[in-house]
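Breakdown of the fold
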Amino acid sequence: MAEDDDDIILADLDDDELVQQMFDDLYDGLREEIEESVQILLARGWAPYKILTEALVGGMTIVGADFRDGILFVPEVLLAANAMKGGMQILKPLLAETGAPRMGSMVIGTVKGDIHDIGKNLVSMMMEGAGFEVVDLGINNPVENYLEALDEHKPDILGMSALLTTTMPYMKVVIDTLIEQGRRDDYIVLVGGAPLNEEFGKAIGADAYCRDAAVAVETAKAYVARKHNAMAAG
Ligand code: B12
């Protein structure tokens, strides 16, 4: 996409040009350039959340479309993902620094067979920023991992992520296991990932499907408040 990167001095670009350049740099998997651009936008007073959504997620959306259309392939997308993670690492402490009161806790992980973690990481970051304690189990989690983490951390929320139509049914395996063990109602179960939708969330017995990280935070807050009110009443 970008040809003449050598000549570009990122700090000389205005905000719009810089965001466009970040789309190109993300596309080309240029982690250092992405990190530098994130720092520049921060220095110009951009809020971390705005950088995350408008520059990084915006750029990743273009990568996603071209991957779908067969223009980009796995190695290139991995590089783009790596560049995105470089930017996210800078933003993570800033998003978590909002001094929000402790809201509750969440165990989150990508399901078995699935190695996509960018969306899950974003959800973790945003939840931490909103005052939730988050235990991130990483990728490719069999049901045993979830159960172990639920036992150990006793969270309010269980979050599962899946990006493949072949792995999303595994969420039901986890929920069914919780039902079998009589502990489904101990947790608020939130699910997400690009191929899911509301209907799927309902069908597998999750409490809610969340389309993005911002919705995840709002949904989590609403459910946790409801749970705490119910406990106070009962
Ligand atoms: C990056 C990427 C990869 C990278 C992953 C790198 C990484 N570290 O994550 C790599 C290159 C490894 C990869 C591999 C593969 N991929 Co891929 N990948 C993508 C891509 C381009 C972007 C995904 C992404 O990060 N999006 C950006 C984030 C921010 O969005 P998100 O994940 O949707 O998350 C948001 C919401 O969904 C929600 N959310 C997500 N999780 C959760 C969890 C909870 C609890 C909540 C509340 C909310 C929530 O909030 C997030 C933030 O707002 C998508 C295309 C797409 N449009 O999704 C394909 C895509 C998902 N991949 C696809 C495929 C086919 C594959 C491969 C099978 C390719 C192959 N032939 O090998 C492998 C599978 C490997 C495996 N076993 O998992 C297909 C899936 C098709 C399908 N219907 O199943 C897609 C849709 C591309 C396509 N159109 O063909 N991929």
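Residues numbered from 1 in each chain as written. Predicted model: local features only at pLDDT ≥ 70, side-chain atom pairs only at ≥ 80, totals over all residues. Heavy atoms only, no water.

1. Overview of unusual backbone geometry
Peptide bonds are mostly trans, and most non-glycine residues show a negative phi. The condition is simple: Helix numbering and strand numbering both begin at the N terminus, where a helix is a DSSP run of H or I of at least 4 residues and a strand a DSSP run of E of at least 2. Categorising residues by exposure relies on relative accessible area from a 1.4 Å probe, with only protein chains included: less than 20% of the type maximum marks a residue as buried, more than 50% marks it as exposed, and the intermediate range marks it as partly exposed.
Its identity as a non-glycine residue notwithstanding, N140 has a phi of 55°, on the positive side. Topologically, N140 is positioned in the loop between β2 (132–136) and α6 (143–153). Assessed through its relative accessible area of 39%, N140 is described here as partly exposed. Residue K154 is not a glycine yet carries a positive backbone phi of 40°. Residue placement: K154 occurs in the loop between α6 and β3 (157–161).

2. A word on helix α4 (residues 74–96)
Cut-off, in case you're wondering: Between the first and last residue of a helix there are one fewer steps than residues, each counted as 1.5 Å, and that sum is the expected span. Bend angle per residue: angle between axes fitted to the 7 residues ending at that residue and the 7 residues starting there. For this analysis, residues touch if any pair of their heavy atoms sits within 4.5 Å.
The end-to-end C-alpha distance of α4, which contains 23 residues, comes to 31 Å, matching closely the 33 Å that a straight helix rising 1.5 Å per residue would cover. In α4, a bend of some 35° at I90 exceeds every other bend along the element, and P93, a proline, comes one to four places later. For α4, the set of buried residues is V77, A80, A81, A83, M84, G86, G87, M88, I90, L91 and L95. Where the residues of α4 are buried, they touch α1 (15–27), α2 (31–43), α3 (48–68) and α5 (118–129).

3. A closer look at the packing of aromatic side chains
Our working rule: Ring pairs are drawn from Phe, Tyr and Trp, using the six-membered ring of Trp, whenever the two centres fall within 6.5 Å, and their geometry is named by plane angle: stacked under 30 degrees, edge-to-face over 60, tilted for the rest. Distance and angle both matter: a charge sits over a ring if NZ of Lys or CZ of Arg is within 6 Å of the ring centre and within 35 degrees of the ring normal.
With the rule as written, the count across this model stands at zero aromatic pairs. For the cation-ring pair, K50 lies above W46, with the distance from its terminal atom to the ring centre recorded as 4.5 Å. If you follow R226 out to its NZ or CZ, it ends over the ring of Y223, 4.6 Å from the centre.

4. Quick notes on the coordination of the cobalt atom of the ligand
Formally: For Na, K and Ca the donor cutoff is 3.2 Å, while for all other metals N, O and S atoms count as donors only within 2.8 Å; water does not appear among the atoms, so some sites may look incomplete.
For the cobalt atom of the ligand, the sole protein-derived donor is H116 (NE2), lying 2.3 Å away. As for its placement among the helices and strands, H116 is situated in the loop between β1 (104–110) and α5.

5. Points about the pattern of salt bridges
Side-chain pairs of opposite charge can arise where the charged atoms are in close proximity. Heads up, the condition is: For this analysis, a salt bridge means a side-chain nitrogen from Lys or Arg found within 4 Å of a carboxyl oxygen belonging to Asp or Glu.
Going through the model one piece at a time under the given rule, you end up with 11 salt bridges. D15 is paired through a salt bridge with R44; the nearest N and O atoms lie 2.7 Å apart. Pair noted here: D15 is in helix α1 and R44 is in the loop between α2 and α3, with a separation of 29 residues, a long-range link. Classification of R44 as partly exposed rests on a relative accessible area of 32%. Among the ionic pairs, R183 bridges to D151, the shortest N-O distance being 2.8 Å.

6. Some points on the site of the ligand
Going by this rule: We define proximity as follows: a residue is near a molecule or strand when any one of its heavy atoms falls within 4 Å of that partner. We define a polar contact as two N or O atoms separated by no more than 3.5 Å, with the added condition that, inside protein, one atom must be a possible hydrogen donor and the other a possible acceptor, whereas residues neighbouring each other in sequence contribute only through side-chain atom pairs. Here the term cavity refers to a set of points on a 1 Å grid, laid over the protein atoms alone, in which a 1.4 Å probe fits but cannot get out; the term pocket refers to an open set having protein on both sides within 12 Å along at least five of seven lines, with lining residues being those that place an atom within 4 Å of a point. Throughout, a molecule is located in a cavity or pocket provided that more than half of its atoms lie within 2 Å of its grid points. Throughout, the ten residues Ala, Val, Leu, Ile, Met, Phe, Trp, Tyr, Cys and Pro are labelled nonpolar, Asp, Glu, Lys and Arg are labelled charged, and all others, Gly among them, are labelled polar. Start and end points for every domain follow an automatic or database-based domain assignment.
Around the ligand, 34 residues are found, and the nearest of them are I115, H116, D117, S161 and T165. In this structure, H116 approaches the ligand through a side-chain N or O atom, which is 2.7 Å from a nitrogen atom. At 3.4 Å from an oxygen atom of the ligand is found a main-chain nitrogen or oxygen belonging to G193. Taking a 2 Å distance to the grid points as the criterion, the majority of the atoms of the ligand fall inside the largest pocket. Secondary structure elements with two or more residues in the shell around the ligand: α3, α4, α5, β3, β4 (188–192) and α9 (213–233). Ranked by residue count, the leading element in the shell around the ligand is α4, at five residues. Among the residues forming the shell around the ligand, the class breakdown is 19 nonpolar, nine polar and six charged. When residues of the shell around the ligand are sorted by domain, at least three fall in each of domain 1 (9–100) and domain 2 (102–234).

Nothing here speaks to function; it is geometry throughout.
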